[in-house]
Amino acid sequence: MKRMLSGIKPTGQLTLGNYIGALRNFVNYQDEYEMIVFIANLHCITNYQDPPALRKNLKDAIALYLACGLDPEKATIFLQTDVHEHAELGYIMACMTYLGELNRMTQFKDKVAKGETNLSAGMYTYPCLMAADILLYNPDYVPVGDDQKQHVELTRDLAHRFNNLYSETFKMPEPLVAKVGARIMSLDDPSKKMSKSDRGDKGCIYLLDDPKTARKKIMSAVTDSVGIIQLDQKNQPGLYNLIEIASALSNRDMEDIVKEFKGKGYGELKKYVADVVCAELERIQSRYYEIINSDTIEKVIADGAIKAQRIAYKTLSKVKRKVGLEIR
Ligand code: ATP
Ligand code: LTN
């Protein structure tokens, strides 16, 4: 069975973008692949997080993973900090990464371009830790949203560099970007990604949003003045985004939805999108509340850590030996 690994960074509540672009796919993949998913809590603290809020987000993320259908019998689910090897290999990877490579990372460049100040060194070297997260487990595939593809490509470069410099150690991981829903856009500004770290939350649907609130956000989503329901991502990005959301959640082709609503008003289409989204939220939330009020999370995380440690320990021992860090 091929192995697949991914991580999620719950610095805020999980969004519909995370669900469509990542989580939902993990659930589909768990039957076909040996699935490893972890909560990237070290990645969360590249900027300051209020500790109680962070704790709650971490716990919620695990509960939501399970509520969305990830099955601990099939997938290994764990917290990054429960496996110390991540930080250790992350440092070794940082020593193998050129500054020029980090300077080319779009996510970092965007933050600088936006004028974000007080960016931390951890934020800058984040792709090195991400490379370690991946390489520790030698996965065949890494399912990510479109914005993370560049980081997986750097991971491949680092794996290649390590293999050449020492000897064959790492498998080349392939990024896997889902075709539909790889980049869900903000509802109030369809030129921007739907993101939990954006200020103001009119554009973002959270998986724990009350369905009424979610419906309101969809009904007031920014569209255009063209007034025709069709697929024109360039000129009607808001409309395209809404159709993409409905398509991803209902497993219908976007063209099929357009056909149904051809000649009708945007309001009618929005109502359909809201119905699809709210039904999905209700399904997820009813399971979430069951899980969050039980001791399932602690158990899942403890079991997951043991399984992950076993693999990570082996890889890191090999790496340290090859690099010459061990004296035995
Ligand atoms: P931020 O919102 O702070 O930019 P993020 O949501 O991108 O962070 P993660 O929570 O780590 O960061 O993302 C988890 C996964 O969800 C990643 O694979 C990411 O690409 C995907 N993802 C995030 N937002 C979207 C989106 N709007 N559309 C599709 N996929 C997304
Ligand atoms: N950087 C990713 C989260 C992440 C990840 C990983 C994803 C951290 N380590 C390893 C895949 C594999 C993000 O911000 N979405």
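Check the entry above for the structure.
Residues numbered from 1 in each chain as written. Chains lettered and ligands numbered in written order. Predicted model: local features only at pLDDT ≥ 70, side-chain atom pairs only at ≥ 80, totals over all residues. Heavy atoms only, no water.

## Things to note about the overall build of the chain
- The helix and strand tally for the chain stands at 13 helices and 5 strands.
- Against the 2.2 N^0.38 benchmark of 20 Å for 328 residues, the chain shows a C-alpha radius of gyration of 21 Å, consistent with a compact globule.
- Along the first, second and third principal axes, the C-alpha atoms of the chain reach 75 × 45 × 40 Å.
- Out of the 328 residues belonging to the chain, those deemed buried represent 52%.
- Put simply, 76% of the contacts in the chain that link residues at least 6 apart link residues at least 24 apart.
- Put simply, the chain shows about 15900 Å² of open surface, and 51% of that area lies on carbon and sulfur atoms.
- Each charge sign in the chain was given a centre, from 45 positive and 43 negative side chains, and these centres are 2 Å apart. (Helix = DSSP H or I, 4+ residues; strand = E, 2+ residues; numbered from the N terminus. Rg over C-alpha atoms; globule rule 2.2 N^0.38 Å. Buried < 20%, exposed > 50% of the residue type's maximum accessible area, 1.4 Å probe, protein only. Contact = heavy atoms within 4.5 Å. Areas by Shrake-Rupley, 256 points an atom, 1.4 Å probe, with all protein chains shown as cover. Lys, Arg positive; Asp, Glu negative; His and termini not counted. Charge placed at Lys NZ, Arg CZ, Asp CG, Glu CD.)

## Topic: the site of ligand 2
- As a structural note, the neighbourhood of ligand 2 is formed by 14 residues, with Gly7, Tyr126, Met130, Asp133 and Gln148 the closest of them.
- The side chain of Tyr126 places a nitrogen or oxygen atom 2.3 Å from a nitrogen atom of ligand 2.
- Between ligand 2 and Asp133, the relevant distance is 2.7 Å, taken from a nitrogen atom to a side-chain nitrogen or oxygen of the residue.
- Compared with its free state, where it exposes 370 Å², ligand 2 has 91% of that area covered by protein.
- Among the secondary structure elements, those contributing two or more residues to the shell around ligand 2 are strand 1 (3-8) and helix 7 (121-135).
- With 4 residues, the top contributor of residues to the shell around ligand 2 is helix 7.
- Of the residues that constitute the shell around ligand 2, the class distribution is 8 nonpolar, 4 polar and 2 charged. (Near = heavy atom within 4 Å. Polar contact = N/O pair within 3.5 Å; in protein donor to acceptor, adjacent residues only side chain to side chain. Nonpolar A, V, L, I, M, F, W, Y, C, P; charged D, E, K, R; others polar.)

## As for helix 8 (residues 149-165)
- Here helix 8 contains 17 residues, and its C-alpha end-to-end distance of 24 Å stays within 8% of the 24 Å for a straight helix at 1.5 Å per residue.
- Along helix 8, the residues that are buried comprise His151, Val152, Leu154, Thr155, Leu158, Ala159, Arg161, Phe162 and Asn163. (Expected span 1.5 Å × (residues − 1).)

## Re the side chain of Ser6
- One can find Ser6 in strand 1.
- Polar side-chain contacts of Ser6 include one of 2.8 Å to the backbone oxygen of Pro143.
- With near-sequence residues (within four places) excluded, Ser6 lies in contact with Phe26, Ile36, Val37, Phe38, Pro143 and Val144.

## Some details on a positive patch on the surface
- Together, Lys307, Arg310, Lys314, Lys318 and Arg321 make up a region of like positive charge exposed at the surface.
- With respect to the helices and strands, Arg310 occurs in helix 13 (residues 296-323).
- Residue classification places Arg310 among the exposed residues on the basis of a relative accessible area of 57%. (Patch = residues over 30% accessible without salt bridge, like charges linked within 9 Å, V, L, I, M, F, W, Y side chains within 5 Å. Salt bridge = Lys/Arg side-chain N within 4 Å of Asp/Glu carboxyl O.)

## Points about the pattern of salt bridges
- The final tally for this structure, using the stated rule, is 14 salt bridges.
- Put simply, Lys217 and Asp209 hold a salt bridge, and the shortest N to O gap is 2.7 Å.
- On the accessibility criterion, Lys217 (8% relative accessible area) is buried.
- The class for Asp209 is buried, based on a relative accessible area of 10%.

## Focus: the packing of aromatic side chains
- Counting across every chain of the model gives 10 aromatic pairs.
- Summarising the aromatic geometry, the rings of Phe38 and Phe78 are spaced 5.7 Å apart at their centres and angled 25 degrees between planes, so their arrangement reads as stacked. You can see Phe38 sitting in strand 2 (residues 34-39) and its partner Phe78 sitting in strand 3 (residues 75-79), a full 40 residues away along the chain.
- Here Phe78 falls in the buried class, since its relative accessible area comes to 0%.
- The interplanar angle of 50 degrees and the centroid separation of 5.8 Å between the aromatic rings of Phe78 and Tyr137 together place this pair among those described as tilted. One end of the pair, Phe78, is in strand 3; the other, Tyr137, is in the loop between helix 7 and strand 4 (141-143), and 59 residues separate them in sequence. As far as burial versus exposure is concerned, Phe78 and Tyr137 are alike and both buried.
- For Lys264, the ring lying beneath its charged end belongs to Phe261, and the centroid distance is 5.6 Å. (Phe/Tyr/Trp six-rings, centres within 6.5 Å; stacked < 30°, edge-to-face > 60°. Lys NZ or Arg CZ within 6 Å of the ring centre and 35° of its normal.)

Function-wise, these values are silent; they only describe arrangement.
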